[in-house]
Amino acid sequence: MRTMNGEITKRTVTPEQLQEHIGEQVQIHGSIYKIRKMRGFAFVLLRTARQVVQCIYSEEKAGFSLDELVEESCVIFTAEVVAEERSRTGYELHLLSVEVLSKPEEASPIVINNKLVDTSLENLLNYRPITLRNEKERAIFKIQEGITFGIRKFLQENGFTEIHSPKIVYSGAEGGANIFRIGYFGREAYLAQSPQFYKQMMVGVYERVFEIAPVFRAEKHDTSRHLNEYTSVDFEMGYIESFEEIMQTETAMLRSVTEYLKAYYEPELTLLSVTLPTVTEIPAIRFLEAKELVAKEYRREIKDYEDFEPEEEKLLCELIQKKTGSEFVFVTHYPSKKRPFYAMESAENSEVTESFDLLFRGLEITTGGQRIHSYEEQVAKMERLGMNLSLFESYLMMHKYGMPPHGGLGLGLERFTSKLLGQENVRRATLFPRDTGRLEP
Ligand code: AMO
């Protein structure tokens, strides 16, 4: 019987190992990204897991015809690693032989191997399985990986336990307007709009928890910031003294994430010319004050005293950056009417909540705040709002049997990524977006 001992020996090297092999012959695998024919030789760009490696084909050295190489073929090259001062890496790969593992059936319907995929957003998304192979397109999601790795690292170092909560749920946490209904063995169920109830319950268990997972919103509008499925970065923490502790934790988390990206994602940041924000101190301003400030500075009329218009978010960010240099701004004390039933109201004024949004480069990327932890208070508020308590029995169980003061936040991963990369549409930072018109790929 064969046994597996967990050891993987490969005959190919990775680009990261090439430096150690200067003057030697190696085997390396990848896809043929681009062939650039020159006079008497050709540049062959090999797309590997993270890098595009430049190889040189010349008839004298290569024991095969250049015609054997087709773009998007998967190959194993045998090549000589030759020291070359003029190359950015300090070496060049001279091709000696090729083993073709697979060839594409057809040429790509879209040019993917130029600097940018020059097509509409629609096409970019329609052909995602291949357009993502473009160097810059795939760099977006490598950076997104860096964001979640950085967040995980920070939260783990700060005593948060990672949880995985159900996405098929019995009742909605964020109000009924944008909830997806599904059939569930003869009963009605919903797709989770957020892990809100579960992360709160788990504070009663682990004190500090987090989850990075998909959530679903049946948003009917087709905008540049709404998706019907997005990745929510949630954390929730117990024994807080005020909701400011959550904003402080988010500030530290964002600072740590930018440091993490700088340390481990330099190639992608450079490729996409990303300017990382400086996260030293993030200003916080009350909702009403922010509304009035924008109205005054930009001579605008306040149409809605309960919410921000997207344009106001942009203007506020512009203003705060001018005044303080920060590209982030916390807006606090949102009106109770616009916050969910679990939001804690301020002791001095029940019209506003102990909650906040974080705006970044003109867009809301986070909502958070302190929650009601007293059973009596939570039930009273739900009754006041005319909610059907029987739908929330399992949620209220934690309040009934004792909870510490707690709060947390939810950050939209795609929104954060897109703003970090200076993109205008959240879909660009979504691997396979789901919107009102898109269910494929
Ligand atoms: P909220 O509903 O404000 O709060 O969502 C939190 C964050 O999620 C992102 N977001 C979206 N991103 C893309 N498409 C959407 N349709 C979409 N809707 C929301 C935004 C937003 O700031 N439970 C609370 C969070 C909490 O208090 O812990 C919640 O879900 O970036």
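Heads up: the structure comes first, above all this text.
In this text the structure is predicted, and so the values were computed from the model without any measurement.

Student: Would you mind going over the site of the ligand with me for this structure?
Tutor: Lining the immediate surroundings of the ligand are 22 residues, of which Glu-174, Lys-199, Glu-364, Thr-367 and Arg-371 lie closest. One of the side-chain nitrogen or oxygen atoms of Tyr-342 is found 3.1 Å away from a nitrogen atom of the ligand. Alone, the ligand offers 620 Å² of accessible surface; in the complex the protein occludes 93% of this. Counting residues per element, the ones that place at least two in the shell around the ligand are helix 4 (196-206), strand 15 (363-370) and strand 16 (406-412). When residues in the shell around the ligand are grouped by element, the largest group, five residues, is from strand 15. Of the residues belonging to the shell around the ligand, the class tally is five nonpolar, nine polar and eight charged.

Student: Would you mind going over the pattern of salt bridges with me for this structure?
Tutor: A side chain of one charge can pair with a side chain of the opposite charge if their charged atoms are brought near each other. Here the structure, examined in full by the defined rule, presents 29 salt bridges. In this structure, Arg-428 engages Glu-137 in a salt bridge whose closest nitrogen and oxygen atoms are separated by 3.1 Å. Here Arg-428 is found in the segment after helix 11 (413-420), whereas its partner Glu-137 is found in helix 3 (residues 135-157), with 291 residues between them in sequence. Note on Arg-428: relative accessible area 29%, which makes it partly exposed. A relative accessible area of 4% means that Glu-137 is categorised as buried. Where Arg-339 meets Asp-357, a salt bridge forms, and the shortest distance between an N and an O atom there is 2.9 Å. On the criterion of sequence distance, the pair formed by Arg-339 in the loop between strand 13 (328-332) and strand 14 (355-360) and Asp-357 in strand 14 is long-range, its members being 18 residues apart. Linked by salt bridges that have partners in common, Lys-199, Asp-234, Glu-236 and Arg-371 make up one network.

Student: Where do I start with the nonpolar core in this structure?
Tutor: Most often, soluble globular proteins keep nonpolar side chains buried together rather than apart. Core analysis: the largest hydrophobic core is formed by 42 residues, its most contacted members being Ile-147, Phe-235, Leu-261, Phe-328 and Phe-416. When neighbours within four sequence positions are excluded, Phe-235 is seen to be in contact with Leu-155, Phe-160, Lys-199, Val-209, Phe-210, Ile-246, Thr-249, Glu-250, Met-253, Gly-408 and Leu-409. In this structure, Ala-42, Val-53, Ala-62 and Val-75 belong to the second largest nonpolar core, which totals 24 residues.

Student: Looking at this model, I keep getting lost on the sheet that holds strand 5 (residues 91-102). Mind explaining?
Tutor: Strands in a sheet are paired, the pairing made by backbone hydrogen bonds, and the direction either parallel or antiparallel. With respect to topology, five strands assemble into a closed barrel ordered 1-2-3-5-4, the strand pairing being mixed. Between one strand and the next, the sheet's axes are offset by a mean angle of 55°, whatever the strand orientation. One ladder, built from six bridges, connects strand 1 (residues 25-37) with strand 2 (residues 41-47); its direction is antiparallel. Looking across to strand 2, one finds that Arg-36 is bridged to Phe-43.

Student: Can you help me understand the packing of aromatic side chains in this one?
Tutor: In this description, an aromatic ring pair is defined by two values, namely the gap between the centres and the angle between the planes. Scanning the model with the defined rule gives 18 aromatic pairs in all. Pairing Phe-197 with Phe-392 gives two aromatic rings, centres 6.0 Å apart and planes at 75°, and the pair type is edge-to-face. Within this pair, whereas Phe-197 is found in helix 4, its partner Phe-392 is found in the loop between helix 9 (375-384) and helix 10 (393-400), the two being separated by 195 residues in sequence. Across the pair, Phe-392 and Phe-197 agree in class, each one buried. Ring geometry for Phe-287 versus Tyr-334: centroids 4.9 Å apart, planes at 40°, classification tilted.

The rules we used
- Residues numbered from 1 in each chain as written.
- Predicted model: local features only at pLDDT ≥ 70, side-chain atom pairs only at ≥ 80, totals over all residues.
- Heavy atoms only, no water.
- Near = heavy atom within 4 Å.
- Polar contact = N/O pair within 3.5 Å; in protein donor to acceptor, adjacent residues only side chain to side chain.
- Areas by Shrake-Rupley, 256 points an atom, 1.4 Å probe, with all protein chains shown as cover.
- Helix = DSSP H or I, 4+ residues; strand = E, 2+ residues; numbered from the N terminus.
- Nonpolar A, V, L, I, M, F, W, Y, C, P; charged D, E, K, R; others polar.
- Salt bridge = Lys/Arg side-chain N within 4 Å of Asp/Glu carboxyl O.
- Buried < 20%, exposed > 50% of the residue type's maximum accessible area, 1.4 Å probe, protein only.
- Core = buried A, V, L, I, M, F, W, Y, C linked by side-chain atoms within 4.5 Å.
- Contact = heavy atoms within 4.5 Å.
- Pairing = 2+ DSSP bridges.
- Axes fitted to C-alpha atoms, helices over the stretch in contact; angles between N-to-C directions.
- Phe/Tyr/Trp six-rings, centres within 6.5 Å; stacked < 30°, edge-to-face > 60°.

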